[in-house]
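Residue-level listing of the chains:
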Amino acid sequence: MAATKREQAAERTSAAAQLRPDIERKVLAILRVVADDGGPVGARIIADKLRAHGIELSERAVRYHLKLMDDRGLTESLGEQGRVITDYGRQELQSARVSDKLGFVISRVDSLAYRVTLDLRTGKGKIILNASLLPADRFADCINIMRRVFEAGYCMSELVAVADAGEHIGDLRVPQGSVGFATVCSVTLNGLLLKSGIPVESRYGGLLEIRDRRPYRFTDLVGYHESTLDPAEIFIASKMTSINTAATEGAGKVLASLREVPAVCLADLERVLAGARKHGLGGVLAVGKPGQPLLGVHIGIDRVGLAVVGGLAPVAALEESGIATVNKAMTGLAEMRDLQLVAQT
């Protein structure tokens, strides 16, 4: 019996992976971009978005790979509109090699941090966004719930962006029935530190226990280098947060991450944090002492730990309240001037 088209495609996929793993990694990266876009997307846009992932492919090279992907049943061409991912493509993306996915999160952190252009003297430039899809018919309720979290300070900033159906929020296309809602991503801080000559390492994303309205200890941690998914997305989907009670009662678990910088940079670190606060960017919940544990986590010799609130923390409060959301951390960059205060939404 002749092999089915899907079986033939699977055989070609397996053979390509064995012969040219470098090509397969590019295919997976293109698939991620097409899947995240949510609608037909062309080679030029794909090439632009790949650069945000640290992958340099020309528009012509992207077209070449897309044609091969069409043949393999991973994508479907809609003519001038661009490509969409197929069900088979989604299956392949889901079962992609763990070794490839392991480096994706931390490489995304480093690539986006390098592209932050915000100037703390002028308040102008680009910062990094997280994107969420909220139900349009409950958007007013969503804002009311999240406002308590913003007011309690469990956010990187009170600056947000809103997009209607059919528009993009970062790299995410907003579908019908949804409103796009963007918050400032904590990786923006990495970019500001790098611009000031301060090396920074993002070590963990996790849950930080709050007691008496103060950070008490990390209770759960996921290493950025060891994870195939963004830790914040994991904890939100698992409904492990209790940000609402942290905001209203002073006790609960909030999304947070742990970073390290060299202890010799401590004075410069304080200067950058002060400059960021002047432009409405905060989010640092605790700064440790050189070489000393921070909130129960070991810190390297001659290094200082920082506990930074997760940029998606306000949206996690919606999941706790029974409102389903779709969340994507580190979805792209935006000009600071294009954001507005959450109180104005």
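Scroll up a little and you will see the structure.
Small disclaimer: the values here were computed from a predicted structure and weren't measured. (Residues numbered from 1 in each chain as written. Predicted model: local features only at pLDDT ≥ 70, side-chain atom pairs only at ≥ 80, totals over all residues. Heavy atoms only, no water.)

### Looking at the nonpolar core
Nonpolar side chains in soluble globular proteins tend to end up buried together.
Item 1. Core analysis: the biggest nonpolar cluster contains 87 residues, and Met146, Phe181 and Leu255 have the highest contact counts within it.
Item 2. Considering every element that reaches this core, the biggest residue donor is helix H7 (residues 139–152), with 7 residues. (Core = buried A, V, L, I, M, F, W, Y, C linked by side-chain atoms within 4.5 Å. Buried < 20%, exposed > 50% of the residue type's maximum accessible area, 1.4 Å probe, protein only. Helix = DSSP H or I, 4+ residues; strand = E, 2+ residues; numbered from the N terminus.)

### A look at the packing of aromatic side chains
Given two aromatic rings, one states the distance between the centres and the angle between the planes to describe the pair.
Item 1. For the coordinates displayed, the defined rule picks out 0 aromatic pairs.
Item 2. In this structure, Arg211 is placed above the aromatic ring of Tyr216, and the distance from its NZ or CZ to the ring centre is 3.9 Å. (Phe/Tyr/Trp six-rings, centres within 6.5 Å; stacked < 30°, edge-to-face > 60°. Lys NZ or Arg CZ within 6 Å of the ring centre and 35° of its normal.)

### Quick look at the side chain of Ser132
Item 1. Tracing the backbone through its elements, the reader meets Ser132 in strand S3 (residues 126–135).
Item 2. There is a polar contact of 2.6 Å between the side chain of Ser132 and the side chain of Asn327.
Item 3. Beyond its immediate sequence surroundings of up to four residues, Ser132 is in contact with Val179, Gly180, Phe181, Leu312, Val315, Val326 and Asn327. (Polar contact = N/O pair within 3.5 Å; in protein donor to acceptor, adjacent residues only side chain to side chain. Contact = heavy atoms within 4.5 Å.)

### Notes on the environment of Ala334
Item 1. Mapped onto the fold, Ala334 is located in strand S13 (residues 326–335).
Item 2. Sequence separation between Ala334 and Thr117 is 217 residues, and the spatial gap between their C-alpha atoms is 10.0 Å.
Item 3. Sequence-distant contacts of Ala334, defined by excluding residues within four places in its chain, comprise Gly125, Lys126, Ile127, Leu129 and Leu339.

### Observations concerning the environment of Pro231
Item 1. With respect to the secondary-structure elements, Pro231 resides in helix H9 (residues 231–237).
Item 2. According to the relative accessible area criterion, Pro231 is buried, its value standing at 1%.
Item 3. Expressed as a C-alpha distance, the spacing of Pro231 and Ser257, which sit 26 residues apart in the sequence, is 8.9 Å.
Item 4. What Pro231 contacts, discounting residues up to four positions off in sequence, is Gly205, Val222 and Tyr224.

### As for helix H12 (residues 313–320)
Item 1. Within H12, 7 of the 8 residues are buried, which leaves it mostly tucked inside the rest of the structure.
Item 2. Taken together, the buried positions of H12 are Ala313, Pro314, Val315, Ala316, Ala317, Leu318 and Glu319.
Item 3. Of the residues flanking the end of H12, it is Gly322, one or two places downstream, whose phi is positive at about 85 degrees.

### Digging into the packing of H7 against H12
Item 1. At a closest axis distance of 8 Å, the pairing of H7 and H12 adopts a crossing angle of 130 degrees. Comparing their axes, H12 and H7 come out oblique. Seen along the crossing, H7 lies across H12 with a hand that is right-handed. Contact with H7, carried on its side by Cys142, Ile145, Met146, Val149 and Phe150, involves Ala313, Pro314, Val315, Ala317 and Leu318 of H12 and no other residues of that element. (Axes fitted to C-alpha atoms, helices over the stretch in contact; angles between N-to-C directions. Parallel < 35°, antiparallel > 145°, perpendicular 65-115°, else oblique. Left-handed = near helix turned anticlockwise from the far one by under 90°.)

### Comments concerning the sheet that holds strand S8 (residues 201–211)
In any sheet, the strands associate via hydrogen bonds between backbone groups, in a parallel or an antiparallel arrangement.
Item 1. As summarised here, the arrangement of the 5 strands in space is S9-S8-S10-S12-S11, forming an open sheet in which the pairing is antiparallel. Every interior strand has two partners, whereas the edge strands, strand S9 (214–223) and strand S11 (284–287), have only one. On average, each strand axis in the sheet is inclined to that of its neighbour by 35 degrees, with strand direction left out of account.
Item 2. Of the pairings in the sheet, the one linking S8 to strand S10 (residues 252–262) comprises 9 bridges and is antiparallel in character. (Pairing = 2+ DSSP bridges.)

### Digging into the side chain of Arg203
Item 1. Here Arg203 shows up in strand S8.
Item 2. Overall, Arg203 belongs to the buried group, its relative accessible area being 16%.
Item 3. With sequence-adjacent residues up to four places away left out, Arg203 is seen in contact with Val222, Gly223, Tyr224, Leu258, Glu260, His298 and Ile299.

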